[in-house]
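# Descriptive structure summary
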Amino acid sequence: MMRLFLVGVGLLTLSMTGCKSKTSTNEGGLRVFITYATFRPQCLTLAVEDRREPTRRESGVVTVNAEARSDTRVGVILKQAGWSPDLRVIAEAHEGSCEGPVIARQSAEVQFPEENLTDLKLDLRAEDLDDDGFFAMKGDYPGTDCDDARPDVHPGATEVCDGVDNNCVAGESDAPGSVQYWVDVDGDGYGDASAAPQTGCAAPVGFATRAGDCDDEDILVHPGQSEFRCDGKDDNCDGTPDNDAFNVGASCVTAQRCAGTRQCQSAEVADCVSALVPEEYFADDDGDGQGGPTLGLSCTPPEPGAVTESGDCDEGSEQVSESGTEVCDRLDNDCAGGVDNGLPSCGAVSWNEGTVLNDTSARFDAVANYQAERGWLAGRSGRVVHVAGNTFTAATNCAGDWRSAWAAPNGRVFLGSSDGRFATSMPGELNTACETRPSGQPGSINGLVGFPDPETNVFTVYGVSSAGHVVSWSYDHGASGNQPDPTIITRFAANLRDIHGLSAEALVVVGAETVNGEQHPVAWSSPQTGTTWTREALGLPETTTGYLNAVQVLTPHMLYVAGDHGLLLEKARGTWTQKPALTVNGGTVPNLRDILAFGRTGIYAASSEVNDLHFFDGTAWSTVATPSATVNALGGFGPGEVWAAGHDGLLTRWKP
């Protein structure tokens, strides 16, 4: 029966010593000489295998001299029962411990002798030149030392940023203070967002410290910039192509107010594109449902009140449109090209002239209508008269020279005097003294306009004075106590003659300012927001002199102004136009004192030089009546009822 005997090893009967030994027995055995040089093995093992039955294997650790870099260890392997004589003997040196990597190995196949000892030499070679306990990465059995010339470089060493892989693991990526780098093929300073980063203390060539490049082959494409091409690509790598200035794909509205999305039109331009088909809209300034001037093609109304039906030949009058019915009012109501056509009796309608209360000494400077055939006359020397059809009732105690008047829908009249006072009265209070208030300035209140508050009983009137003031007075018709005092809103360096508007936010004041001793026409419009009034650019030559005496606002986009030297101005949709000047008596150019406008083609005017009542049809002037006295003021309740009042108690009315 064979047995293996490694002296000094628990698993095998193997005796390994540091010197040669002899045995006195004639029993067969193997004497193994294990030599090594230039390193200190941390673990040396010897193993024996039965080549015929590889499952038979025994191994053990060979004790070494930790101080020796070169040594020879000797041992004897004896016969063991059950083993064949065909053996393989293996010697291995390990780095670090017996579980560490093999850094040297040699084996030999031998025939176990029947008697006496047979010598077997196994020579192990490995390099640990720097003697740091870690072996060079070379040969068939490399160790883990990445620099065998430096004892401070080996696994487990402290990694620092010094250009050396101190611990032989992933370069300097695990050094404190190391950073990540990404491959930067195009050299734009941003690394490939899809590539795994490298970590180290210094950037390798062709790497960048910033990631995020979505196209690392185009130097122009990287984060940190705006989209510079409209091409379906993501130039700034934010995940959205053609955003920023191009904003492709965003909802938008075209110049024709059609809903769409922004799309590239070229590499430089993106624009809003819509599949909707716009239609033509027309301005309906007078609110009669039919438009006049075109507003262009649009998918939605380009302005409030715009309509898709045209056919309005006068956007200053709601009584005129293609769908209108012709009535006797000197207007082309149906836009058929003729005035009062089909109404032959209209031309025979005459003016009804009379002397109010038979008082030829009366002078009326203001007319204020509030219902059909209802209104007020006001003038010098306390003349205040309520008119109801052919019934005239004078206020008995309303002292003052009244220059302006406005009547509320309920019949209450507000007056402005030559000495800067406001006054008010009702038709049923004519035997009671007028209620008066000083306006806070001494100038003559030359013009008045008012607006009722639809939610309350308050009427607010606005007036202008010869001293350039704009004043207001809010009067509560339902209040029983004292009313608040008037308020000065603003003041201009001008002599103001008239005021009109559709609301408190849309007022226009007119008059004249003195320049080098001469009077020049001037106008301002009230601010819709803030406190600054706008000086109107009237488009008149700088040499134009005289006053603007009257203003009437017809729609939010149309108004008329009249003044000295026959001057008539139209402002339509922001543009001022001078209309033909009024001339009479073979070339005389009178001053226009007042106007009453019912549209672009229906404007009445009164002048100071002649008694004629003038009419402008949008193209030319004509005379519609010649009263017996000078006309100072015009009024009316629509184009079918016109009043004119003036000197010598004059009131003449035209009503078909």
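Residues numbered from 1 in each chain as written. Predicted model: local features only at pLDDT ≥ 70, side-chain atom pairs only at ≥ 80, totals over all residues. Heavy atoms only, no water.

## Let's talk about the environment of Phe207
Mapped onto the fold, Phe207 is located in strand β10 (residues 207-208). With 396 residues separating them in the primary sequence, Phe207 and Ile603 have C-alpha atoms 83 Å apart. Setting aside anything within four residues of it in sequence, one finds Phe207 in contact with Tyr181, Trp182, Val183, Asp184 and Gln198. (Helix = DSSP H or I, 4+ residues; strand = E, 2+ residues; numbered from the N terminus. Contact = heavy atoms within 4.5 Å.)

## Overview of the state of the cysteines
What the rule picks out here adds up to ten disulfides. Note that Cys252 is cross-linked by a disulfide to Cys272, the S-S spacing being 2.0 Å. On the sign convention where negative means left-handed, the S-S torsion of about 90° between Cys252 and Cys272 marks this disulfide as right-handed. You can see Cys252 sitting in strand β11 (residues 251-253) and its partner Cys272 sitting in strand β13 (residues 270-273), a full 20 residues away along the chain. With relative accessibility at 14%, the residue Cys252 sits in the buried group. Accessibility expressed as a relative area gives 13% for Cys272, which makes it buried. With its sulfur 1.9 Å from that of its partner, Cys258 forms a disulfide with Cys299. With the S-S dihedral at roughly 80°, the linkage between Cys258 and Cys299 falls on the right-handed side. Separated by 41 residues along the polypeptide, Cys258 in the loop between β11 and β12 (259-264) and Cys299 in the loop between β15 (294-298) and β16 (352-355) bring together distant segments of the chain. (Disulfide = S-S within 2.5 Å. Buried < 20%, exposed > 50% of the residue type's maximum accessible area, 1.4 Å probe, protein only.)

## Examining unusual backbone geometry
Of note in this structure, Asp131 is not a glycine but carries a positive phi near 55°. Structurally, Asp131 is set in the loop between β7 (117-125) and β8 (179-183). The phi dihedral of Arg573 falls on the positive side, at around 50°, and the residue is not glycine. Summarising the element assignment, Arg573 is placed in the loop between β35 (567-572) and β36 (575-578).

## Details of the sheet that holds strand β25 (residues 445-452)
Spatial strand order, β25-β26-β27-β28: four strands in an open sheet with antiparallel pairing. This sheet does not close on itself; its edge strands, each paired only once, are β25 and β28 (487-491). Ignoring strand direction, the axes of neighbouring strands in this sheet form an average angle of 20°. (Pairing = 2+ DSSP bridges. Axes fitted to C-alpha atoms, helices over the stretch in contact; angles between N-to-C directions.)

## Let's talk about the side chain of Thr460
Here Thr460 shows up in strand β26 (residues 458-465). Since its relative accessible area comes to 16%, Thr460 is described here as buried. A polar contact of 3.0 Å, which involves the side chain of Thr460, links it to the side chain of Ser474. Setting aside residues no more than four positions away along its own chain, Thr460 makes contact with Val449, Gly450, Phe451, Ser472, Trp473 and Ser474. (Polar contact = N/O pair within 3.5 Å; in protein donor to acceptor, adjacent residues only side chain to side chain.)

## Considerations on the nonpolar core
The biggest cluster of nonpolar side chains holds 26 residues, and the ones touching the most others in it are Phe39, Val89, Leu122 and Leu124. Elements represented by at least two residues in this core include exactly β1 (29-37), β2 (43-50), β5 (86-94), β6 (102-111) and β7. Dropping the residues within four chain positions of it, Val89 is found in contact with Leu30, Val32, Leu46, Ala47, Ile77, Gln106, Ser107, Ala108, Val110, Leu120 and Leu122. Trp351, Leu596, Leu634 and Leu650 belong to the second largest nonpolar core, which has 17 residues in total. (Core = buried A, V, L, I, M, F, W, Y, C linked by side-chain atoms within 4.5 Å.)

## Structural notes on a nonpolar patch on the surface
A surface patch of nonpolar side chains, amounting to about 260 Å² of accessible area, comprises Ile219, Leu220 and Phe228. Along the chain, Ile219 turns up in the loop between β10 and β11. (Patch = residues over 30% accessible without salt bridge, like charges linked within 9 Å, V, L, I, M, F, W, Y side chains within 5 Å. Areas by Shrake-Rupley, 256 points an atom, 1.4 Å probe, with all protein chains shown as cover. Salt bridge = Lys/Arg side-chain N within 4 Å of Asp/Glu carboxyl O.)

## A look at the pattern of salt bridges
The full count for this structure, using the stated rule, is 31 salt bridges. Taking the shortest distance from any N to any O, the salt bridge between Arg421 and Asp419 comes out at 3.2 Å. Between Glu513 and Arg535 there is a salt bridge, with its nearest N and O atoms 2.4 Å apart. Of this pair, Glu513 sits in strand β30 (residues 507-515) while Arg535 sits in strand β32 (residues 534-535); the two residues are 22 residues apart in sequence, bridging distant segments of the chain. Note on Glu513: relative accessible area 16%, which makes it buried. With a relative accessible area of 46%, Arg535 lands in the partly exposed category. Salt bridges here are not isolated pairs; linked through shared partners, they connect Glu49, Arg51, Arg52, Arg57, Asp86, Arg88 and Glu109.

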